[in-house]
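Spelled out from the first residue to the last, the chains are:
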Amino acid sequence: PDFTDPNVATSLEVIEFDQETGSPRPFKVLFQSGNWTIPSHHDHPADGKDRLAQTAAGVIDIKKDDIVSDTPIDHEAFSVLDPLDETSTKLSGRGKRVTIKDQGNNMLADLIIGKQVEGREKFFYVRLPEQKRTYAARIDLDLSTTSSDWIEKDLLLADKDKITEVTIKDYSINERSGRLNQ
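As the structure is a computational prediction, the values presented were derived from the model and not from experiment.

K.L.:
Where do I start with unusual backbone geometry in this structure?
P.N.:
The general pattern is negative phi for most residues beyond glycine and trans for most peptide bonds. Phi is positive for serine 33, close to 55°, though the residue is something other than glycine. With respect to the element layout, serine 33 can be found in the loop between strand E2 (23–32) and strand E3 (35–38).

K.L.:
Help me understand the nonpolar core in this model?
P.N.:
Taken as a class, soluble globular proteins show a tendency for nonpolar side chains to be buried jointly. Core analysis: the biggest nonpolar cluster contains 24 residues, and Phe3, Leu12, Val98, Ile100, Leu111 and Trp150 have the highest contact counts within it. Looking at this core, the elements with two or more residues in it are strand E1 (9–18), E2, E3, helix H1 (49–60), strand E6 (96–102) and strand E7 (107–116). For this core, the element with the most residues is H1, which contributes four residues. Each residue touching phenylalanine 3, except ones within four places of it in the same chain, is listed here: Val8, Ala56, Val59, Ile60, Ile100, Leu108 and Ala109. If you look at the next biggest cluster of nonpolar residues, it comprises seven residues, including Ile112, Val117, Tyr125 and Ala136.

K.L.:
Quick question: what am I supposed to make of the pattern of salt bridges here?
P.N.:
It is possible for side chains bearing opposite charge to pair when their charged atoms get close. One pass over the structure, following the stated rule, counts nine salt bridges. In this structure, the salt-bridge partner of aspartate 70 is arginine 133, at a minimum N-O distance of 2.6 Å. Of this pair, aspartate 70 sits in the loop between strand E5 (66–69) and helix H2 (75–78) while arginine 133 sits in the loop between strand E8 (123–127) and strand E9 (134–138), placing them 63 residues apart in sequence. The exposure class of arginine 133 is partly exposed, given its relative accessible area of 29%. We note a salt bridge from arginine 97 to aspartate 82, for which the minimum N-O separation is 2.6 Å. Here the residue arginine 97 occupies a position in strand E6, and aspartate 82 occupies one in the loop between H2 and E6, the gap between them amounting to 15 residues. Residue classification places arginine 97 among the buried positions, given a relative accessible area of 15%.

Conventions used here
- Residues numbered from 1 in each chain as written.
- Predicted model: local features only at pLDDT ≥ 70, side-chain atom pairs only at ≥ 80, totals over all residues.
- Heavy atoms only, no water.
- Helix = DSSP H or I, 4+ residues; strand = E, 2+ residues; numbered from the N terminus.
- Core = buried A, V, L, I, M, F, W, Y, C linked by side-chain atoms within 4.5 Å.
- Buried < 20%, exposed > 50% of the residue type's maximum accessible area, 1.4 Å probe, protein only.
- Contact = heavy atoms within 4.5 Å.
- Salt bridge = Lys/Arg side-chain N within 4 Å of Asp/Glu carboxyl O.

Encoded structure:
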């Protein structure tokens, strides 16, 4: 409820659970030292300001529309199990954990988004990590964890007068392992 200004967000982390490896897969966009970067991809520069502000505004718009359950037993069925919960042995039923922080590393939002509510467009099951209660909430977010969605692809937007050197690094990033392939 205290998160009202999307422009104060300087960090977004989305953690998904990889059922094949049985481990969480984090994706983070961070504003540090005057630049937007993707720490999980070797601090690759990101074009995150507008996209992060849109995502933060979308999180601000999430309202707890309906209480669906107060029972932790239902968390797996709604896919709102915490992907970071190391005490759970369940591989299925894990949601996306979304955290947004400000420049002082203060938590602005922290929620787990589960599967879509059947028969209700744009409604998803949502739970706050420290609570048992699950809600149905209208969510209109693009929570992409693909690094290419966070990178400006149009090189023509660069200011040619500021370019003094061009270095070409030929590599790709393995999205699954987070490693550089030279």
